[in-house]
Amino acid sequence: MKSYLLVPKESIETRARPGVRGTEQGERVLQRTTALQFMISGRAPDMLRSLGLRSATLPGRLPEVSTPPTPPKKKPTRSRSRKGEVQQVATEGPVMEPASATASDVGTYRHMPLIGATMAHFTSEKAERIAKEELGRDFEFIPDTVQLTFPGPVSAGQLGPRNRGLSSLVNREWPEECGINAAHAQGIKGAGVMLGILDTGVDADHPEHQDRVIQFRYVSLFPNSPQNPARDVRGFDPDGHGTHVAGIAAGQFHGVAPEVDLYVASVIESETIRTSLGRVAAGMEWLLHQFSRPENSTRPAVVNMSLGFPVQPPPGVSDMEYRLNIRALQTLVRRLVDSNVLPVVAAGNGGAGTAGYPAGFPEALAVGAVDFEKRVASFSASGVVNQRPVPDVMGYGVNVYSSTERRCNNQAFYERMSGTSMAAPYVAGLAALYRCRSPDLTALEVRDLILNNVLKLPKTPAGRAGRGLAVYK
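The name an unreviewed UniProt entry assigns to the protein is S8 family serine peptidase, from the organism Archangium minus. Its UniProt record, at the heading Sequence similarities (unreviewed entry), says of the protein: "Belongs to the peptidase S8 family."

Chemist: Tell me what's going on with the overall build of the protein, and back it up with residues and numbers.
Modeler: When its secondary structure is counted, the protein shows nine helices and 23 strands. The buried share among the 473 residues of the protein stands at 59%. Within the protein, residue pairs in contact and separated by at least 24 positions form 78% of the contacts whose partners lie at least 6 positions apart. Put simply, the protein shows about 19,500 Å² of open surface, and 51% of that area lies on carbon and sulfur atoms.

Chemist: Which residues make up the pattern of salt bridges, and what are the values?
Modeler: Two side chains that carry opposite charge are able to pair once their charged atoms sit near each other. Applying the stated criterion across every chain yields a total of 17 salt bridges. For D46, the salt bridge is made with R49, and the minimal N-O distance between the two is 3.1 Å. Taken together, the residues span about one helical turn, with D46 and R49 both in helix α2 (residues 43-50) at a distance of three residues. Look at R49 and you get partly exposed, because its relative accessible area is 33%. Through salt bridges that share partners, R388, D392 and R447 make up one connected network.

Chemist: Outline the confidence of the model for the protein, supporting the account with residue identities and numerical values.
Modeler: Mean pLDDT over the protein: 81, with 77% of residues reaching 70 or higher. Across residues 155-162, confidence stays below pLDDT 50; counting only partners more than four residues off in sequence or on other chains, it has 13 contacts.

Chemist: Which residues make up unusual backbone geometry, and what values go with them?
Modeler: The omega torsion across Y357 and P358 is 5 degrees, close enough to zero to call that bond cis. In this model, V390 is joined to P391 through a cis peptide bond whose omega is 5 degrees. Residue position: P391 is located in the loop between β18 (388-390) and β19 (393-396). The phi angle at N399 is positive, at roughly 55 degrees, despite the residue not being glycine. You can see N399 is positioned in the loop between β19 and β20 (400-406).

Chemist: How would you sum up the nonpolar core? Please name residues and give values.
Modeler: Core analysis: the biggest nonpolar cluster contains 62 residues, and W174, L195, V344, V393, Y426 and I450 have the highest contact counts within it. The biggest single contributor to this core is helix α8 (residues 420-437), with 12 residues. If we skip the residues at most four places from it in the chain, V393 touches L365, A366, V367, G368, V427, I450, L451, V454, A465, R467, G468 and A470. Residues V280, W286, A301 and A328 belong to the second largest nonpolar core, which totals 51 residues.

Chemist: Quick one: what's the story with the pairing of strand β12 (residues 261-266), residue by residue and with numbers?
Modeler: With five of six residues buried, β12 is to be regarded as a mostly interior element. When strand β9 (residues 194-199) meets β12, the two strands line up parallel, connected through six bridges. Paired with I197 across the bridge in β12 is V264. Looking at chain direction, strand β10 (residues 215-218) and β12 are connected through four bridges and run parallel. Note on β12: the bridge partner recorded for Y218 is S266.

Calculation notes
- Residues numbered from 1 in each chain as written.
- Predicted model: local features only at pLDDT ≥ 70, side-chain atom pairs only at ≥ 80, totals over all residues.
- Heavy atoms only, no water.
- UniProt positions renumbered as here; feature names shortened; annotations may be inferred.
- Helix = DSSP H or I, 4+ residues; strand = E, 2+ residues; numbered from the N terminus.
- Buried < 20%, exposed > 50% of the residue type's maximum accessible area, 1.4 Å probe, protein only.
- Contact = heavy atoms within 4.5 Å.
- Areas by Shrake-Rupley, 256 points an atom, 1.4 Å probe, with all protein chains shown as cover.
- Salt bridge = Lys/Arg side-chain N within 4 Å of Asp/Glu carboxyl O.
- pLDDT = per-residue confidence, 0-100.
- Core = buried A, V, L, I, M, F, W, Y, C linked by side-chain atoms within 4.5 Å.
- Pairing = 2+ DSSP bridges.

This is the structure:
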């Protein structure tokens with residue numbers, strides 16, 4: 001049994017065509033543009049379906065987004081539901097076929113049109129061989145075997161006891177120099193901005209988050225399986241890392257941008273602290289699905305990712321297979337930028353000379369960590385990846401106070417954690433403040449705004465701190 005991510009080769013090599021950026025009157029119309037993707041991507045699900053693979057996609061039509069003219073579509077197929085009624089299969093995206101004891105022994109697929117990719121899980125060697133023969137010229141078959149891991153919190157100085165039962169600190173701890181308090185005093189708190197987080201999840205009932213509706217999706221360990229589909233439920237987080245990240249970026253009492261709308265996809269397991277390219281792809285597709293809804297298509301968006309690949313292949317993975325995974329991951333990050341979404345990523349916690357991916361992609365805004373005295377943390381990753389210096393900017397990432405979890409009696413836990421995982425959501429929150437203040441700016445323009453409005457760190461060794469400490473000005 002083998003799983004692959006099928007990505008159009010032209011999608012890997014080139015950028016999606018730009019979408020509408022203005023009118024004759026000079027107004028900016030910043031709708032999501034990922035749907036202007038490579039039209040060949042639709043061949044993969046059609047071919048896999050003809051081989052007998054079953055759809056593992058959740059029910060529901062994909063959001064309406066602006067697309068270039070397309071040739072007339074074939075008449076939609078008809079299928080039987082579990083109760084026997086006949087259903088039309090939406091041409092914009094397949095509906096999930098019911099799981100049963102007689103599930104196909106050929107395999108399953110999940111079409112993800114907004115990122116232009118398809119996941120395929122083959123249980124038939126014959127079907128796998130035919131698919132590669134028919135689609136191999138136009139698609140990369142990327143084995144979904146390489147595991148990622150987030151740069152988890154590290155020990156850095158006095159952590160202090162967990163604050164059992166405390167609702168929060170009296171005041172946010174962000175220094176005056178970072179500009180967050182000034183932004184809040186002006187009423188700029190992230191309202192109208194969508195903030196996506198790919199992490200271990202979020203405790204939607206923690207006091208830091210309970211007064212908002214959080215759109216949440218759990219992406220299972222087997223995202224291709226119709227027996228274990230991704231599902232939209234009330235937010236939970238067995239680990240606490242994602243809840244801490246969400247609290248830094250958008251918590252009610254401690255967050256940088258407390259008024260953003262949160263969209264959280266759980267793509268990292270709490271037990272192993274690992275994920276896969278397929279789970280990250282499914283999480284990104286879901287985020288773009290939410291961001292591309294008609295009511296959201298012109299709203300500014302930011303995505304925070306605290307996960308990564310090392311530069312070198314992990315043990316047991318060939319260099320060629322690893323490079324394919326890296327190229328596909330870069331394509332996914334590029335799709336966010338193409339959709340006017342700013343991707344903010346953690347640089348990693350391996351120290352100097354250890355920068356990896358996606359921090360090494362030019363499409364990402366890579367964030368290192370400093371303490372509240374503006375000293376670079378010893379664990380903060382840095383380096384040069386394919387001639388690109390990492391990180392781009394720094395954020396507060398040492399002993400940062402934020403939400404984690406709750407006891408069975410509903411006592412709330414807060415904790416100080418350290419890591420570039422904490423610095424990244426600080427910068428993502430700043431990006432949300434900038435996008436709140438100037439919603440007509442593109443994602444790349446906001447990136448430039450952050451890079452140009454930094455506090456310099458002159459006493460820092462060369463290459464360790466990017467442009468400097470990100471702040472709001």
